[in-house]
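Take a look at the letters that make up each chain.
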Amino acid sequence: MKITTSSDWRDGLPFGTPVLVSEVMPGEPTRCASCPSDAPVLERTDLWAVKHPHPKNPAGFVRFYCLEHRPAPAREPESVVRPGDAPRARRSPTARAATTRTPRPTPSADRPRAVCPTCFVEVPSTGICGMCGERVG
């Protein structure tokens, strides 16, 4: 059995962009998600619907906000190239070399470990075999 989500009005909303609730879904007056619970209900023409990402549901979730609590619209990522945009200047090889990082030291798990020639067991950093007491290295 395959479980799928149903399609509804929330699928058409863009993530992070406030949209008037009256334009996306008619209904009764309701409250802002950020206002106190004893705040008066607001008409749908005074509320903004914002779709937020959810960590476990790719469809996200929608909250209603009043004008005072409405979050700012989400910014477009800078990597998006729109038609008519000028190409970004490329960095020179010297500037690229100046920002390259030095290689990190190899983690101790990847380094070859000393092995006792008599017992064939790994020797601790003291250099003395824990089985036979022979000094290695």
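Residues numbered from 1 in each chain as written. Predicted model: local features only at pLDDT ≥ 70, side-chain atom pairs only at ≥ 80, totals over all residues. Heavy atoms only, no water.

Visitor: Can you help me understand the overall build of the protein chain in this one?
Guide: Helices and strands together make up the secondary structure of the protein chain, namely two helices and three strands. Beginning at the N terminus, the succession of helices and strands in the protein chain can be written as β-α-β-β-α. Counting across all 137 residues of the protein chain, residues that qualify as buried make up 17%. Once local pairs closer than 6 in sequence are excluded, the contacts in the protein chain between residues at least 24 apart make up 38%. A total accessible area of about 11400 Å² is found for the protein chain, and carbon and sulfur atoms account for 55% of it. (Helix = DSSP H or I, 4+ residues; strand = E, 2+ residues; numbered from the N terminus. Buried < 20%, exposed > 50% of the residue type's maximum accessible area, 1.4 Å probe, protein only. Contact = heavy atoms within 4.5 Å. Areas by Shrake-Rupley, 256 points an atom, 1.4 Å probe, with all protein chains shown as cover.)

Visitor: Sorry, what's going on with the sheet that holds strand β3 (residues 61-66) here?
Guide: Through backbone hydrogen bonds, the strands of a sheet pair up, either in parallel or in antiparallel fashion. Here three strands make up an open sheet; going across it, the order is β1-β2-β3 and the pairing antiparallel. The strands lining the two open edges of the sheet, one partner per strand, are β1 (19-20) and β3. For strand β2 (residues 47-52) and β3, the ladder comprises six bridges, and the chain directions are antiparallel. Bridging across to β3, V50 finds its partner in R63. (Pairing = 2+ DSSP bridges.)

By themselves, these observations are geometric and do not establish any function.
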